[in-house]
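Notes for the structure review
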There are 2 protein chains.
Amino acid sequence: MPRWKLTVEYDGRPYQGWQLQPHGPSVQACLEEAIRRFSGEVVRVHAAGRTDAGVHALGQVCHFDLEKPTKADTVRDALNFHLRPEPVAVVTVEAVDDDFHARLSCKGRAYLYRIVNRRAPLALDIGRAWHIPTVLDADAMNEGAQRLVGNHDFTSFRASICQAKSPVKTLSLLTVSRVGQEIHMVARARSFLHHQIRNMIGTLRLVGEGKWTPDDVTRALEARDRAAAGQTAPPDGLYFTEAWYE
Amino acid sequence: MPRWKLTVEYDGRPYQGWQLQPHGPSVQACLEEAIRRFSGEVVRVHAAGRTDAGVHALGQVCHFDLEKPTKADTVRDALNFHLRPEPVAVVTVEAVDDDFHARLSCKGRAYLYRIVNRRAPLALDIGRAWHIPTVLDADAMNEGAQRLVGNHDFTSFRASICQAKSPVKTLSLLTVSRVGQEIHMVARARSFLHHQIRNMIGTLRLVGEGKWTPDDVTRALEARDRAAAGQTAPPDGLYFTEAWYE
């Protein structure tokens, strides 16, 4: 039984998130339906990152099994055909061993968060970036970000509905840099808590505005209390960019 | 009577184009309505580039006159307030002399054209780039592009409905380069004929696919016959990026 690994791009706006929902569309449901139309087989698709409603992906990774043998290029083209007109595209497909699991085998995940930092509202980037009109100090935000890098108890940055067994995670990279009128944040870790990135961004925003110092970020982290950190940033600016494996 | 110069960004998808139309929405109508709501004055807005339906702008320039004196920041913020929820944003506003005219004073215009060159269809870039699945040779396209640079009769690249008095234009720059999975074309000229950029792109595509050589581009140009050049590229990938003045 062949197992297929996909790299998937999607616009998160129309979806309740990656995961199947009792009400409302999900990326997973779109993919499972496209697989059914293509192969006649009813399968479960597993993803590296269960992105929330409105969160986008440039490089989501997922896998599923098909009974029927076929070619990788056929899987890619057939799924893209049956996905139309959904804003979901299967970018690459490869056959993998039976012990590959998009979520369980994943050694690391990377996200990008885009802020458009200008007075004028968004036009081309509506729903695809966070608009912050007040001038942000990206260098200060990056200094604050470094206080979060490493192995920590991230309770202060964890959604109340988070299902992870432990709040301790290792954040391997968190950088903030200005790119013209945008501010880009790149986050890498083996895994993240629910809303962790959006809560870190909402906290670093306070540093960018000069309301907090980098020391305040350390204090928020050490408080192990969600109320000690900043608000949750909107999903609009968040992109799942990469998942990697051994 | 103060004259105001605006730099405007818009998503071209919902509009029939820049210009007022008897039926269907236009960017010009959105701006004139926002000005009316803000100031109570009924004005005409003039733009550097009358972009077609579906064409986007990152740096459209336009102007209009107001009777009432006010501040540039007030104009910008009030227009952006009244433009909501249209995907049109006034990025900058400045007071200019009475002899400034966004179209007539314009010394040059620049456009960007984006092709996403990959097998998978578009997801995040639906309506915002041209999807070409066959592999394109950007270097060959750039070589073909150089045959069009300079002062030429561009009849072969001119829409039949073009209203320009002469088909002779000076194309000051046309470059094609690969940026990851995208191909970017930058075009600069004092002015362009109707559909000139999209007809040049549709022609260079043939070179990128290996169906045409750069010499074929020269032959198409010299034919002075629209039928001798390639098809019109879709508006999706075209962005008005800049207009400059003395």
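Residues numbered from 1 in each chain as written. Chains lettered and ligands numbered in written order. Predicted model: local features only at pLDDT ≥ 70, side-chain atom pairs only at ≥ 80, totals over all residues. Heavy atoms only, no water.

Stated precisely, the cut-off is as follows: UniProt positions are given in the numbering used here, feature names are shortened, and annotations may be inferred rather than shown by experiment.
In the annotation of an unreviewed UniProt entry, chain A is listed under the name tRNA pseudouridine synthase A and assigned to Nitrospirillum amazonense. Its UniProt record gives chain A the following Subunit (unreviewed entry) comment, quoted word for word: "Homodimer."

Regarding the UniProt feature "domain: Pseudouridine synthase I TruA alpha/beta" (unreviewed entry) in chain A
Residue and element names in this part refer to chain A. Spelled out, the test is: A run of DSSP states H or I qualifies as a helix once it reaches four residues; a run of E qualifies as a strand once it reaches two. Both are numbered from the N-terminal end.
Those residues carrying the UniProt feature "domain: Pseudouridine synthase I TruA alpha/beta" (unreviewed entry) are residues 8-103 and 145-245 in this numbering. Taken end to end, residues 8-103 has its terminal C-alpha atoms 14 Å apart, with 26% of it in helix and 25% in strand. As a span, residues 145-245 carries 25% helix and 31% strand, and end to end its C-alpha atoms are 26 Å apart.

Things to note about the packing of helix α3 (residues 138-146) of chain A against helix α4 (residues 196-208) of chain A
Residue and element names in this part refer to chain A. Condition: Note on geometry: axes are C-alpha line fits, over the in-contact stretch for helices, and angles between N-to-C directions span 0 to 180 degrees. For this classification, under 35 degrees means roughly parallel, over 145 means roughly antiparallel, 65 to 115 means roughly perpendicular, and everything else is oblique. Should the near helix be turned anticlockwise from the far one by less than a right angle, the crossing is termed left-handed; should it be turned clockwise, right-handed. Two residues form a contact once any of their heavy atoms are found within 4.5 Å. Each residue receives one of three labels: charged for Asp, Glu, Lys and Arg, nonpolar for Ala, Val, Leu, Ile, Met, Phe, Trp, Tyr, Cys and Pro, and polar for the others, Gly being one of them.
Taken N-terminus to C-terminus, the directions of α3 and α4 make an angle of 135°; their axes are 8 Å apart at the nearest point. When the interaxial angle is binned, α3 and α4 end up oblique. Between α3 and α4 the crossing geometry is right-handed. Each of Ala140, Met141, Gly144 and Ala145 in α3 lies in contact with α4, whose residues at this interface are Leu204, Arg205, Val207 and Gly208. Looking at the contact of α3 with α4, its residues break down into five nonpolar, two polar and one charged.

What to know about the packing of aromatic side chains
Residues and elements named next belong to chain B. As a reminder, the rule being used: Any pair of Phe, Tyr and Trp rings, taking the six-membered ring for Trp, is counted once the centres come within 6.5 Å. Such a pair is stacked with planes under 30 degrees apart, edge-to-face with planes over 60 apart, and tilted for the rest. Buried residues are those whose accessible area, probed at 1.4 Å on protein chains only, stays under 20% of the maximum for their type, while exposed residues exceed 50% and partly exposed ones sit between those limits.
Considering all chains together, one arrives at 12 aromatic pairs over all chains under this definition. Ring geometry for Phe100 and Tyr245: centres 4.7 Å apart, planes at 55°, overall tilted. With Phe100 in the loop between β4 (88-96) and β5 (108-116) and Tyr245 in the segment after β10 (238-244), the pair connects residues that are 145 residues apart, well separated along the chain. Across the pair, Tyr245 and Phe100 agree in class, each one buried. Here the aromatic rings of Phe154 and Phe157 are separated by 6.3 Å at their centres, their planes lie at 65°, and the arrangement is edge-to-face. As far as the burial class goes, Phe154 and Phe157 line up, both buried.

Focus on the interface of chain A and chain B
Note: interface size is frequently given as the accessible area lost on complex formation between the parts. Put simply, the test is: Buried area is understood as the total, over both parts, of accessible area removed when two parts are fitted together, assessed with a 1.4 Å probe. Only one rule defines a salt bridge in this text: a Lys or Arg side-chain nitrogen within 4 Å of an Asp or Glu carboxyl oxygen.
Tallying the contact residues gives 26 residues for chain A and 26 residues for chain B. For the pairing of chain A and chain B, the buried interface totals around 1900 Å² over both sides, and the portion due to carbon and sulfur atoms is 57%. The interface formed by chain A and chain B contains six salt bridges. Between Glu9(B) and Arg118(A) there is a salt bridge, with the nearest N and O atoms lying 2.6 Å from each other.

Concerning the relation of the copies chain A and chain B
For the pair of chain copies, the relating transformation is a rotation about an axis with a translation along it. This is how it is decided: Copies overlap after least-squares fitting; the atoms used are the C-alpha atoms of residues with pLDDT of at least 70 in both.
Screw-axis analysis of chain A against chain B gives a translation of 0.0 Å along the axis, an RMSD of 0.0 Å, and a rotation angle of 180°. Both copies of the chain, as the preceding transformation shows, are related through a two-fold rotation axis. Closest approach to the rotation axis among the C-alpha atoms of chain A is made by Asp125(A), whose C-alpha sits 5.5 Å away. A symmetric contact is evident, with 100% of the interface residues of chain A recurring at the interface of chain B.

Side note on the pattern of salt bridges
The full count for this structure, using the stated rule, is 40 salt bridges over all chains. Note that Arg3(B) is salt-bridged to Asp65(B), the shortest N-O span being 2.7 Å. Taken as a pair, Arg3(B) in strand β1 (residues 3-10) and Asp65(B) in strand β3 (residues 56-65) lie far apart in primary sequence, 62 residues in all. Under the relative-accessibility criterion, Arg3(B) is labelled buried at 14%. A relative accessible area of 21% places Asp65(B) in the partly exposed class. A salt bridge links Arg188(B) to Glu242(B), with the nearest nitrogen and oxygen atoms 3.2 Å apart. Separated by 54 residues along the polypeptide, Arg188(B) in strand β9 (residues 182-189) and Glu242(B) in strand β10 bring together distant segments of the chain. Residues joined by salt bridges that share partners form a network here, namely Asp73(A), Arg76(A), Asp77(A) and Arg119(B).

Some points on the pairing of strand β8 (residues 168-179) of chain A
Residue and element names in this part refer to chain A. Our working rule: Here, any two strands with at least 2 DSSP bridges between them count as paired.
Bridge analysis of strand β7 (residues 150-153) against β8 gives four bridges, and the strand direction is antiparallel. Bridge pairing links His152 to Lys169 in β8. As paired elements, β8 and strand β9 (residues 182-189) share eight bridges and run antiparallel to each other. Bridged to Thr175 within β9 is Val186. Where β8 folds back on β9, the antiparallel hairpin that results is connected by two residues, among which Gly180 adopts a positive phi of roughly 65°.

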